[in-house]
Amino acid sequence: MVNQDAKAQECEDCFRIFAISDLHVDYAANMAWVQNISDSDYQNDVLLIAGDISSNISQVRQVLKCLASKFRFVSFVPGNHDCWIFPNSPYSDSFDKIEHIHEICAQFGVMTTPFSVGDVFIVPLYSWYDDSLASVDDCLTRAQRDQMNESWMDFQLCKWPLGSNPSHHFHAFNEKSRLTPPAGSKVISFSHFLPRRDLMGPQRVLRAAFLPWVVGSTRLEEQVRRLGSHIHIVGHTHRPFDRTIDGVRYIQQPLGYPRERYLCKHELQLVHARAEPSPARSSPRVIPVLPPSASAVPSAAKLPVPLPSCLACSLPVTSTQERSPKATHPTLGARDTLLGTSLPPRLDALGLFAAPWAAGD
């Protein structure tokens, strides 16, 4: 195991913090981009990865090992693609897969719990989506519900224990971490999912009407505000932005899919730089927290949040069945070749967060 306290201490006086999300190294071009990051330019810096490295656990391991060698310090929270479980998977459910990801992170010194570097307190926030970001304007027709249930891959490839609620689970897991930063610290938090509805566009500009139901949770915003975050970094929607709302700077810097290159920058986002010695202080603290296993927090049975009637009969959030979608998608081109899996992303990858659909998509 890597000595994480020692690594954080070494970069305390002079360091930069970079952010990236949605690496999706299932695509050969994205894996090459990660591997081509300089081996020398970031040796005293910190990298925050806001989810979605890959659905392939071998590629998650490969990327974390690679980036841990390029940066002084790496921190990561899983995204929805990281939780996917394919047929014949060795994992009992998506929580089990996350525990394995935690073991990989520990092996390479990748942080998954709150920690301090210099005068910056960095907080990875686990999250999932629920209905709380959807407004009255986001109510769905039956056809739109059917589209969501059929096309949103999480409902087919994420497997949660019966009766569990991943949004409640991860919110409670964060509460077990230390959400009170050291006095005088600058707080940088990050999550894969969005904490606010206004980080998306209005319903009329969304690529699919159901997106507000599958992008985030207001519970996450409550934790961001309670932390006193100066900066909060997100991913998931593959839409780069840098906005300040009510005193908090929200940033998304996705690598995205190859076909989204006109939208997503091919670069890391610098979010903080320190070039002067920090005041004398004790060694940076790493707060150990157990991986978010299914038994670590109350289940949805103890924390009920009923869905609105327009979705209650059709949103399969607790299904334990794994259904394999079609093996191909008409919009996948040669430049979007996938590695390590025969299952390409569907609407969540190629229609919802990409460019306006072309004729025939």
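Quick note: structure is the one above.
Throughout, a residue's number is its position along its own chain's written sequence, starting from 1. In view of the model being predicted, local features appear only for residues whose pLDDT reaches at least 70, and side-chain atom pairs are presented and counted only at 80 or more, with totals across whole chains, interfaces and linings using the full set of residues. Values shown for side chains rest on all heavy atoms present in the structure; no hydrogens or waters enter the calculation.

1. A closer look at the pattern of salt bridges
- In what follows, salt bridge is the name for a side-chain nitrogen of Lys or Arg lying within 4 Å of a carboxyl oxygen of Asp or Glu. Enumeration over the complete set of coordinates arrives at 10 salt bridges.
- In this structure, the salt-bridge partner of Arg 197 is Asp 138, at a minimum N-O distance of 3.2 Å. Highlighted residues: Arg 197 in the loop between β6 (186–190) and α8 (218–227) and Asp 138 in the loop between β5 (120–124) and α5 (142–151), separated in sequence by 59 residues.
- The partner of Glu 221 in a salt bridge is Arg 225, and the shortest N-O contact between them spans 2.8 Å. Of this pair, Glu 221 and Arg 225 both sit in helix α8, separated by four residues, roughly a single helical turn.
- We call a residue buried when its accessible area falls under 20% of the maximum for its residue type, exposed when it is over 50%, and partly exposed in between, using a 1.4 Å probe and counting protein chains only. The buried category is assigned to Glu 221, whose relative accessible area is 11%.
- Of the residues examined, Arg 225 reaches a relative accessible area of 31% and is grouped as partly exposed.
- A cluster of three or more residues bridged by salt bridges with shared partners is formed by Arg 196, Asp 198, Glu 221, Arg 225 and Asp 246. Secondary structure elements are taken from DSSP: a helix is a run of H or I of four residues or more, a strand is a run of E of two residues or more, and numbering for both begins at the N terminus.

2. Some details on the nonpolar core
- Ile 17, Val 214 and Ile 233 are the most contacted members of the largest nonpolar core, which has 64 residues in total.
- Take this core: its biggest share by element is four residues, from β5.
- Contact definition: two residues touch when any of their heavy atoms are within 4.5 Å. Contacts of Ile 17, omitting those with residues within four sequence positions, involve Val 46, Leu 48, Val 120, Ile 122, Ile 188, Gln 269, Leu 270, Val 271 and His 272.
- What we call a nonpolar core is a set of buried Ala, Val, Leu, Ile, Met, Phe, Trp, Tyr and Cys residues that are connected through their side-chain atoms within 4.5 Å. With 31 residues, the next largest nonpolar core counts Ile 20, Val 25, Ile 53 and Ile 85 among its residues.

3. Some points on the sheet that holds β5
- Taken together, six strands build an open sheet; the order of strands is β4-β5-β6-β7-β9-β8 and the sheet is mixed. Among the strands making up the open sheet, the edge pair consists of β4 (115–117) and β8 (241–245). Mean inter-strand twist for the sheet, computed between neighbouring axes without regard to direction, equals 20°.
- By the convention used here, strands pair only if DSSP detects at least 2 bridges between them. One ladder, built from five bridges, connects β8 with strand β9 (residues 248–252); its direction is antiparallel. Residue pairing in the sheet places Ile 245 in a bridge with Val 248 of β9. Here an axis means a line fitted to C-alpha atoms, over the contact stretch when the element is a helix, while the angle between two N-to-C directions is reported on a 0 to 180 degree scale.

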